Amino acid sequence: MAKNKQASSKKSGWFARFVHGGGNQLADDMLGKDATAADVEVIVSPMRQVFNNFMERKLAVGAFALLIVMFLIMFIGPLFMPKYKDSYTEVTQQSMAPNMRLMSVPKELQGDIKMIDGYGSFSVGLSNAGKVYVWGSTQIGTTGVDIGVIPEEVQNAKIAMVAAGIDHIVAIGEDGKVYCWGANTLGQYGTQAEAEAAGKAPNPNIAYFPQELADNGVDVANVKKLTCGYQASAILMNDGTLYLWGNKLTYANMDLFLAAGKVYDIDFTLNYIVGLNNKRTSIYTGSRDLYNTVRENVGSAGKKISEYLNGRKIDAITATNSSVCLLLDDGSICFSGDFPLDATKAPELAADEDYVQIVGGSYHYSGLTNKGNVYSWGSNALDQTEVPDDVTGAEKLYTGSFQTYAVDANDALLDKWGLKGYLFGTDNRGADIFQRIINGGKMTMTVGAVAVIISSIIGILVGCISGYFGGKVDVFLMRVAEIFSAIPFLPFAMILSAVMSHMVLSETMRIFIIMCILGVLTWPGLARLVRGQVLLARESEYVTAAKSMGVKENVIAFKHILPNVMSVILVTLMLDFGTCMLTESSLSYLGFGVAYPRPTWGNMLNGANNETIINAYWWQWVFTSIFLAVTTICINIVGDALRDVLDPKASVEK
Amino acid sequence: MGKYVIKRIGYMCVVLVILSFIMFMIYSLVPANRAYTDAKAEYTALKNAIPKGKADEYFNEIYLKYQRMYGTDTNNKVVRYLRWVGLYPLYDGTYDGLLQGNLGYSYDYKKPVVQVVAQPMKNTIKINIFATILALGITIPLGIHCAVKRGSRFDQAIQVLTIIGYSLPTFLIAILFIWIFCSKLHIFPPSGMKTPGSNFTGWRRFKDEMYYMALPLIAMTFCSLGGMTRYVRASMIEALSMDCIRTARAKGLREKVVIYSHAWRNALIPIVTLVVGWFLGIFSGSLVFESIFAWNGMGRVMITALRSADYDVVLLMQMFYVGMSLLGTLVIDIVYGLVDPRVRVNK
């Protein structure tokens, strides 16, 4: 207490008195140094009184605390998300429900893994006992299909192999029967005969499930590889025979593969089927020049594939969404295709260390060497390549789209790393809603704050000048204010921003102009309030005193009167801040505010404009709405409480 | 009073002119050249018929024709503005602007703007009037009750609820209502104005329309509850603390008479301001509702027009909103005088 007193008595100027009040100084002067705490408390500054009154309102204090927490999250949170990018999109992760179990291998499977596969939002696993497990985000879009519901015949059968596509799963039983389930919108499974039986006309864009597989099954012992792509699947036999079916629109070169006959290896990128020819010397896609340049590592210079191989043979190919990794017969690897900008390089191996297995997710590779070391590289946007330090003794690697699972010699799960899931789900572009909420909050609050600052500068200036000087100045300024308040807010702001969208402006400039629009359209209210307050204060005695002492007029207006009307202004600013945030949200919601890819809470709700999405993808609006609502409600509760406690009349009545 | 009203109307006209000028200038910033687009289209269509070597000349001729038609054959923006208003002659000396009844031509609908806007305007006004009646019917009794029973549990609960109500953006409330009433409870249709493909008449048609209007109406009403209830409560509390109320109570008047006759008349003055202002506010507020509920109203027309840069529609719409808002202030001033005798004396 004593320290505080000293500190405050040293401060001078109107601001210190405004915040701390003159009470403490006064108490010191009156009572000298013998004053006890109890005596000093008797004299309470108006501000202290306001503070005490405010603290009595539990709801307002709670709201204030919550508001501070919100601010801290929004402004500090982005610092913890260095990998966040506004324009991040991921086609395989669109509209996923909140789920943190993308990497949660079921307990029963953990000690007994035969294989794991994943392409999109879920992973499928197979135990040595032949049982299939599915985990991750298993609801497929608005179709109502839950891929986690495994068909009874699959549950009863002993399964030998599984693979997962973006929205379907293919399994091969020990008896050679091929099972498929999941979404079946574009030929993920089902023969042409079945489709015709169901009354559908044959679709030229679909390569139907081969009839001979449906009739005779497949010779399980000779299956070399079962793999799935976006909406397509392939079974490769040891003799090079290929069974291929699925959506031709995604894989334009599917027809070429159907006609090509035998290949040595096959995999799917996002847009192409890539095959390894039987000579094991080049990659076949059907398109010339695609994937015929290889590079030694991510980002190094490319060479012609024949030149690079120089007699060596390719053992296996592994595809991610946009690139292919080639494992050569000397244990080295090389790459072909494009990498995301943030992709890391594959590690340099010691001379006697060779890769024995390469697996690929959507944008990352994991490699296992003959010494049992495990490495991951490629894009790390979703923590795919963060290999734990203590992975030793791995025998096999499996990947989901953004996960890697390491399995030891006893088929038990050794370790796993990668994407755990999305706390608030993903939006219709596949971006993490949680990250966008935090970064969008920053933007929303900044827009609101800057708009309020602009409006308060204009409002206070105009109000003070108009109230203090009166006369013609007053009439003119108030007429101007009236013109501005005659402008209907939302339509006008929309028009301005629409006009702006026809001009060549940088995004930052556009956002700044939106802030200005909001600020310029909201000042008249504040100006009138300040004017009224100044008119009251102008007649008070201390102003008369200042005048008689010869203080300059503008000094009186801004240094004597303004501080005394400050409290009212602050409350209005607080409430205006809430209003500006709401207006920005409405504008952005309608598509006339801050535009994608910059997130704000308003434009994040942009997609929730019809009943189907509102119902099926509830997480795309619920969480954002909660943040927006909590913030504005808190601002209004605090502002309301402040207005009540600052108004002496209201506090007497209470 | 009459003199005062005339003065206000005169002032209103000045503001309207200033705003229309500002608005027109803002539009002229848009780098759209309708005459050029049309001329190009006609030129392309006629291309084969044009003799060689005269292409440029021919195009310029067509271009000038369209420029003259749209009144853009000058770069002077003030002249263009005056032509739009109808105070400056076109190239052939005729006047064709707002004052002559030419409210513009919608480029998108290929119809005069008046025809484009007529039906949506009716729809908007219809739903807004219903919403006003509903909102007033709920908020005024509720506000009075809260003011009279001030500090009670009920009052406190309403205070918290209303603060939440007016803190939420309108589109959020609409989304929430769609989710609850359409997706979860399946009571109302999520959007539209009538059963698709239906051709009802009479009573059935009215019922069908009401069924489709119900949800937007409920959402709009709900949005206004928060702010209005608080306002009514505040002005009622103010009125109840006046000396005349104490006197009335001291006289032994019944509490009902005190509240509804003495206090309410006094509380009415600020409320009138609010009601008129609010009625205008819902015109721009319905921008949001109409776009969410696919309600064929003015807001929807305006948003579509903005997206497709159909600026004659937008310009007229904007003038309508400005006009409504100015008219509103005038109405407030006049009604003020009607409900508050003191104002009449002063003016």
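### Things to note about the overall build of chain A
Alright, step 1. Helices and strands together make up the secondary structure of chain A, namely 22 helices and 26 strands.
Alright, step 2. Rg of the C-alpha trace for chain A: 34 Å, well past the compact-globule value of 26 Å for 654 residues, more than 25% over.
Alright, step 3. For chain A, the spread of C-alpha atoms along the principal axes amounts to about 105 × 60 × 50 Å.
Alright, step 4. The long-range share in chain A, meaning contacts at least 24 apart out of those at least 6 apart in sequence, stands at 59%.
Alright, step 5. For chain A, the accessible surface area stands at approximately 28700 Å², while carbon and sulfur atoms represent 57% of it.
Alright, step 6. Of the charged side chains in chain A, 51 are positive and 61 negative; the average position of the first set lies 10 Å away from that of the second.

### Digging into the overall build of chain B
Alright, step 1. Each helix and strand in chain B was counted, giving 13 helices and 2 strands.
Alright, step 2. Along the longest, intermediate and shortest principal axes, the C-alpha atoms of chain B span 100 × 55 × 35 Å.
Alright, step 3. By the burial criterion, 44% of the 347 residues in chain B qualify as buried.
Alright, step 4. The contacts of chain B with a sequence gap of at least 6 include a subset with a gap of at least 24, amounting to 66%.
Alright, step 5. Taken together, the 38 basic and 20 acidic charged side chains of chain B have centroids lying 10 Å from each other.

### Focus on unusual backbone geometry
Alright, step 1. The peptide bond linking Y596 of chain A to P597 of chain A adopts the cis configuration, its omega dihedral lying at 10°.
Alright, step 2. With respect to the helices and strands, the residue P597 of chain A is situated in the loop between helix 18 (553-590) and helix 19 (601-604).
Alright, step 3. Despite not being glycine, K110 of chain B has its phi angle at roughly 55°, a positive value.
Alright, step 4. Tracing the sequence through the fold places K110 of chain B in the loop between strand 1 (105-106) and strand 2 (111-112).
Alright, step 5. Under the relative-accessibility criterion, K110 of chain B is labelled exposed at 52%.

### Things to note about a nonpolar patch on the surface
Residue and element names in this part refer to chain A.
Alright, step 1. Judged by side-chain polarity, F64, I68, L72, F75, I76, L79 and F80 come together as a nonpolar surface patch covering roughly 720 Å² of accessible area.
Alright, step 2. Secondary-structure assignment places L79 in the loop between helix 6 (58-76) and helix 7 (107-110).
Alright, step 3. Here L79 falls in the exposed class, since its relative accessible area comes to 66%.

### Concerning the interface of chain A and chain B
Alright, step 1. Taken together, the contacts link 43 residues of chain A with 49 residues of chain B.
Alright, step 2. Overall, the association of chain A and chain B removes approximately 3900 Å² of surface from exposure, summing both partners, and the carbon and sulfur fraction of that is 73%.
Alright, step 3. Joining chain A to chain B, the criterion identifies 2 salt bridges.
Alright, step 4. Between R230 of chain B and D640 of chain A there is a salt bridge, with its nearest N and O atoms 2.0 Å apart.
Alright, step 5. Our count for the chain A to chain B interface comes out at 7 residue pairs in polar contact (both at pLDDT 80 or more).

### Structural notes on the pattern of salt bridges
Oppositely charged side chains can pair when the atoms bearing their charge come close.
Residues and elements named next belong to chain A.
Alright, step 1. Counted under the stated rule, the structure contains 23 salt bridges over all chains.
Alright, step 2. With a closest N to O distance of 3.7 Å, K158 and E174 form a salt bridge. Taken together, the positions of K158 in the loop between helix 8 (152-156) and strand 6 (159-164) and E174 in the loop between strand 7 (168-173) and strand 8 (178-182) put the pair 16 residues apart, joining distant regions of the chain.
Alright, step 3. For the salt bridge of K225 with D265, the shortest nitrogen-to-oxygen distance reads 3.2 Å. Of this pair, K225 sits in strand 10 (residues 223-228) while D265 sits in strand 13 (residues 265-268), and the two are 40 residues apart along the sequence. In this pair, the class of K225 matches that of D265, namely buried.
Alright, step 4. Counted as one network, the salt bridges with shared partners bring together K83, D383 and E386.

### Some thoughts on the environment of G165 of chain A
All names here are of chain A.
Alright, step 1. Positionally, G165 belongs in the loop between strand 6 and strand 7.
Alright, step 2. Sequence spacing of G165 and G120 is 45 residues, and the spatial spacing of their C-alpha atoms is 6.7 Å.
Alright, step 3. Ignoring any residue separated from it by four or fewer positions in sequence, one finds G165 in contact with Y119, G120, F122, C228, G229 and Y230.

### Regarding the packing of aromatic side chains
Alright, step 1. Taken as a whole and assessed by the stated rule, the structure comprises 41 aromatic pairs over all chains.
Alright, step 2. Within the aromatic cluster, the residues linked to one another by ring pairs are F424, F434, W601, Y617, W618, W619, F623 and F627 of chain A.
Alright, step 3. Here the basic side chain of K224 of chain A rests over the ring of Y264 of chain A, its NZ or CZ set 3.5 Å away from the ring centre.
Alright, step 4. Lying across the ring of Y11 of chain B, R479 of chain A places its NZ or CZ 4.7 Å from the centre.

### Some remarks on the side chain of S224 of chain B
All names here are of chain B.
Alright, step 1. The topology assignment puts S224 in helix 8 (residues 202-240).
Alright, step 2. Within the local environment of S224, its side chain forms a polar contact with the backbone oxygen of T221, the two atoms lying 2.7 Å apart.
Alright, step 3. Contacts of S224, omitting those with residues within four sequence positions, involve A135, T139 and W278.

### Notes on the sheet that holds strand 26 (residues 413-418) of chain A
Residues and elements named next belong to chain A.
Alright, step 1. The 3 strands are arranged 24-25-26 in an open sheet whose pairing can be described as antiparallel. Sheet topology places strand 24 (396-399) and strand 26 at the edges, where each strand pairs with a single neighbour. Across the sheet, the mean angle separating the axes of adjacent strands is 20° when strand polarity is ignored.
Alright, step 2. The sheet contact formed by strand 24 and strand 25 (residues 403-407) spans 4 bridges and is antiparallel. Bridge pairing in strand 25 links K396 to V407.

### Side note on the confidence of the model for chain A
All names here are of chain A.
Alright, step 1. In this model, chain A carries a mean pLDDT of 85, and residues with pLDDT of at least 70 account for 92%.
Alright, step 2. Summarising per-element confidence for chain A, the mean pLDDT is lowest in helix 1 (residues 2-10) (45) and highest in helix 6 (93).
Alright, step 3. Per-residue pLDDT stays below 50 along residues 1-11; that stretch engages in 11 contacts with residues further than four places along the chain or on separate chains.

### What about the pairing of strand 25 of chain A?
Residues and elements named next belong to chain A.
Alright, step 1. Buried residues dominate strand 25, accounting for 5 of its 5 residues.
Alright, step 2. Residue alternation in strand 25 divides its side chains into two sets, Q403, Y405 and V407 and T404 and A406, and both sets are buried.
Alright, step 3. Where strand 24 hands over to strand 25, the hairpin turn is made up of 3 residues, counted between the paired strands.
Alright, step 4. Both strand 25 and strand 26 contribute to a ladder of 5 bridges, which runs antiparallel. Bridging across to strand 26, V407 finds its partner in L413.
Alright, step 5. Counting the residues that bridge the hairpin from strand 25 to strand 26 gives 5 residues, and of these D411 lies at a positive phi of roughly 65°.

### Observations regarding the nonpolar core
Alright, step 1. M494 and W601 of chain A together with F171 and L306 of chain B are the most contacted members of the largest nonpolar core, which totals 138 residues.
Alright, step 2. Three or more residues apiece are contributed to this core by two domains, here domain 1 (34-102) and domain 2 (113-171 + 226-339) of chain B.
Alright, step 3. W601 of chain A has contacts with M74, I437, G440, G441, T444, M445, M581, T624, F627, L628 and T631 of chain A, leaving out every residue within four places of it along the chain.
Alright, step 4. Core analysis: the second largest hydrophobic core is formed by 48 residues, L126, W135, I169 and Y398 of chain A among them.

### Notes on the sheet that holds strand 21 (residues 355-360) of chain A
Residue and element names in this part refer to chain A.
Alright, step 1. Judged by pairing direction, the sheet is antiparallel, and its 3 strands sit side by side in the order 21-22-23 without closing on themselves. Every other strand in the sheet has two partners, leaving strand 21 and strand 23 (374-378) as the edge strands with one partner each. For this sheet, the mean angle separating the axes of adjacent strands, direction not counted, is 20°.
Alright, step 2. Bridge analysis of strand 21 against strand 22 (residues 364-369) gives 5 bridges, and the strand direction is antiparallel. Bridge pairing in strand 22 links G360 to Y365.

### Examining the environment of L103 of chain B
All names here are of chain B.
Alright, step 1. Inspection of the secondary structure assignment puts L103 in the loop between helix 4 (77-85) and strand 1.
Alright, step 2. Overall, the relative accessible area of 30% leaves L103 in the partly exposed class.
Alright, step 3. Once the C-alpha coordinates of L103 and P120 are considered, the two residues, 17 residues apart in sequence, prove to be 16 Å apart.
Alright, step 4. If sequence neighbours within four positions are ignored, L103 has contacts with L98, V113, V114 and L316.

### Section: helix 1 (residues 2-27) of chain B
Alright, step 1. Taking 1.5 Å of rise per residue, the 26 residues of helix 1 of chain B would be expected to cover 38 Å, and the 37 Å separating its terminal C-alpha atoms lies within 8% of that figure.
Alright, step 2. On the buried face of helix 1 of chain B, the contacting elements are helix 14 (471-486) and helix 15 (489-501) of chain A together with helix 4 and helix 12 (311-339) of chain B.

### What about the packing of helix 13 (residues 433-469) of chain A against helix 16 (residues 507-538) of chain A?
Residues and elements named next belong to chain A.
Alright, step 1. Two elements in contact, helix 13 and helix 16, have axes whose closest approach is 5 Å; the angle formed by their N-to-C orientations is 35°. At the point where helix 13 passes helix 16, the crossing takes the right-handed sense.
Alright, step 2. Here the residues of the contact of helix 13 with helix 16 are counted per class, giving 22 nonpolar, 9 polar and 2 charged.

### Points about the confidence of the model for chain B
Residues and elements named next belong to chain B.
Alright, step 1. The pLDDT averaged across chain B works out to 83; a share of 97% of its residues lies at or above 70.
Alright, step 2. Taken element by element, the predicted model of chain B shows its lowest mean pLDDT in helix 13 (residues 341-346) (58) and its highest in helix 7 (residues 170-184) (90).
Alright, step 3. Reported for the predicted complex are a pTM of 0.86 and an ipTM of 0.86.

Cut-offs used in this document
- Residues numbered from 1 in each chain as written.
- Chains lettered and ligands numbered in written order.
- Predicted model: local features only at pLDDT ≥ 70, side-chain atom pairs only at ≥ 80, totals over all residues.
- Heavy atoms only, no water.
- Helix = DSSP H or I, 4+ residues; strand = E, 2+ residues; numbered from the N terminus.
- Rg over C-alpha atoms; globule rule 2.2 N^0.38 Å.
- Contact = heavy atoms within 4.5 Å.
- Areas by Shrake-Rupley, 256 points an atom, 1.4 Å probe, with all protein chains shown as cover.
- Lys, Arg positive; Asp, Glu negative; His and termini not counted.
- Charge placed at Lys NZ, Arg CZ, Asp CG, Glu CD.
- Buried < 20%, exposed > 50% of the residue type's maximum accessible area, 1.4 Å probe, protein only.
- Patch = residues over 30% accessible without salt bridge, like charges linked within 9 Å, V, L, I, M, F, W, Y side chains within 5 Å.
- Salt bridge = Lys/Arg side-chain N within 4 Å of Asp/Glu carboxyl O.
- Buried area = accessible area lost by both parts, 1.4 Å probe.
- Polar contact = N/O pair within 3.5 Å; in protein donor to acceptor, adjacent residues only side chain to side chain.
- Phe/Tyr/Trp six-rings, centres within 6.5 Å; stacked < 30°, edge-to-face > 60°.
- Lys NZ or Arg CZ within 6 Å of the ring centre and 35° of its normal.
- Pairing = 2+ DSSP bridges.
- Axes fitted to C-alpha atoms, helices over the stretch in contact; angles between N-to-C directions.
- pLDDT = per-residue confidence, 0-100.
- Core = buried A, V, L, I, M, F, W, Y, C linked by side-chain atoms within 4.5 Å.
- Domains from an automatic or database assignment.
- Expected span 1.5 Å × (residues − 1).
- Left-handed = near helix turned anticlockwise from the far one by under 90°.
- Nonpolar A, V, L, I, M, F, W, Y, C, P; charged D, E, K, R; others polar.

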